[in-house]
Amino acid sequence: MTLLVQYTLIFASVLMLVALGGCFAERSGVINIGLEGIMVIGALGGALAMRYMANLPPFLMVIVVLLCAIAAGVVYSALLAVACINFKADQTIVGTALNLLGTAGATVIVKAINTAANPDDVSSAIQYVEQKKAFIARWGGFEFNWFMVIAAVILVAAYVVLYKTRFGLRLMACLLYTSPSPRDRT
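So, here is what we can say about the structure in this document. Since the model is a prediction, treat every value here as computed from it, not as a measurement.

Looking at the element boundaries, Gln6 is found in helix H1 (residues 2-27). Gln6 sits in the buried class, given a relative accessible area of 9%.

On to the pairing of strand E1 (residues 136-139), then. Both E1 and strand E2 (residues 142-145) contribute to a ladder of 4 bridges, which runs antiparallel. Note that in E2 the partner of Ala137 across the bridge is Phe144. Where E1 folds back on E2, the antiparallel hairpin that results is connected by 2 residues, among which Gly140 adopts a positive phi of roughly 65°.

Moving on, we come to the nonpolar core. Counting 9 residues, the largest nonpolar core consists of Ile38, Ile41, Ala72, Tyr76, Leu80, Ala83, Cys84, Val94 and Leu98. Looking at this core, the elements with two or more residues in it are helix H2 (35-52), helix H3 (58-86) and helix H4 (91-117). Per-element accounting of this core gives the leading share, 5 residues, to H3. Residues Met50, Val62, Val65 and Phe135 belong to the second largest nonpolar core, which totals 6 residues.

Right, let's get into the packing of aromatic side chains. Considering all chains together, one arrives at 2 aromatic pairs under this definition. For the ring pair Tyr159 and Tyr163, a centre distance of 5.4 Å and an interplane angle of 40° mean the geometry is tilted. Within this pair, Tyr159 and its partner Tyr163 are both found in helix H5 (residues 146-164), separated by 4 residues, close to a single helical turn.

All right, on to a nonpolar patch on the surface then. Taken together, the side chains of Phe59, Leu60, Ile63, Leu67, Ile70 and Val74 define a hydrophobic patch exposed on the protein surface, amounting to about 590 Å² of accessible area. Tracing the chain through its elements places Leu60 in helix H3. Judged by relative accessible area, Leu60 falls into the partly exposed class, the value being 40%.

In this section: H3. Given a rise of 1.5 Å per residue, 29 residues ought to cover 42 Å, and the 41 Å separating the end C-alpha atoms of H3 matches this to within 8%. Among the residues of H3, Met61, Val62, Val64, Val65, Ala72, Gly73, Tyr76, Leu80, Ala83 and Cys84 are the ones counted as buried. Where the residues of H3 are buried, they touch H2, H4 and H5. Trailing H3 by a residue or two, Lys88 shows a phi angle of about 55°, which is positive.

If you check the backbone angles, Lys88 has positive phi at about 55° while not being a glycine. Mapped onto the secondary structure, Lys88 falls in the loop between H3 and H4. Its relative accessible area of 69% is what places Lys88 among the exposed residues.

Another point: the layout of surface pockets. Computed from the structure, the largest pocket encloses a volume of approximately 1,700 Å³. Along the wall of the largest pocket there are 42 residues; nearest its centre are Val14, Leu17, Ala43, Ala69 and Phe147. Those elements giving two or more residues to the lining of the largest pocket turn out to be H1, H2, H3, E2 and H5. Among the residues forming the lining of the largest pocket, the class breakdown is 30 nonpolar, 9 polar and 3 charged.

Let's shift gears to the environment of Ala72. Locating Ala72 in the fold gives a position in helix H3. Sequence separation between Ala72 and Gly45 is 27 residues, and the spatial gap between their C-alpha atoms is 5.5 Å. Not counting the four nearest positions on each side in its chain, Ala72 is found in contact with Ile41, Gly42 and Gly45.

Reading the values: rules and limits
Residues numbered from 1 in each chain as written. Predicted model: local features only at pLDDT ≥ 70, side-chain atom pairs only at ≥ 80, totals over all residues. Heavy atoms only, no water. Helix = DSSP H or I, 4+ residues; strand = E, 2+ residues; numbered from the N terminus. Buried < 20%, exposed > 50% of the residue type's maximum accessible area, 1.4 Å probe, protein only. Pairing = 2+ DSSP bridges. Core = buried A, V, L, I, M, F, W, Y, C linked by side-chain atoms within 4.5 Å. Phe/Tyr/Trp six-rings, centres within 6.5 Å; stacked < 30°, edge-to-face > 60°. Patch = residues over 30% accessible without salt bridge, like charges linked within 9 Å, V, L, I, M, F, W, Y side chains within 5 Å. Areas by Shrake-Rupley, 256 points an atom, 1.4 Å probe, with all protein chains shown as cover. Salt bridge = Lys/Arg side-chain N within 4 Å of Asp/Glu carboxyl O. Expected span 1.5 Å × (residues − 1). Contact = heavy atoms within 4.5 Å. 1 Å grid on protein atoms, 1.4 Å probe; cavity = no way out; pocket = protein on both sides within 12 Å on 5 of 7 lines; lining within 4 Å. Points joined across faces, edges and corners; volume = space filled by probe spheres on them. Nonpolar A, V, L, I, M, F, W, Y, C, P; charged D, E, K, R; others polar.

Geometric descriptors of this kind do not, in isolation, establish any biological role.
If you want it as structure tokens, here you go:
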């Protein structure tokens, strides 16, 4: 039962961070359907950082992997902004394309890396057993990942930012300003 709770919290923390990104996007009036693709590319960036920077101390490894994952996700999500703002593309279509491209692109990149390391290996799994130990902490009999703690802190910070600050109020005003009024619908 403990193992079920541990894995549920690990996967829930990842999905919670993506949902918070969608919450901020929706409150500002942006329809970001490409969140899953952005999540996959961010995970790929973090996994590649963990694979190629294996000799770092554990605390620094966590910080570097987190920053690389964020950077990869931000750069990939900029494709949505460029397509929708500069080229006037539909947000829903571009978001769907980002989902498909993110998953397919990550699979191709990982297979290419594994094939380059070993020509007989055509799997789509990056092996990082030793590096993974930097992210694991124990509390009594419960084993947890540091990203679970980071996700919980970000959840509380997002609540405060969205509902208790001027920025959150102004973000909601962006949504109200961009949505059409009833007299514009006729």
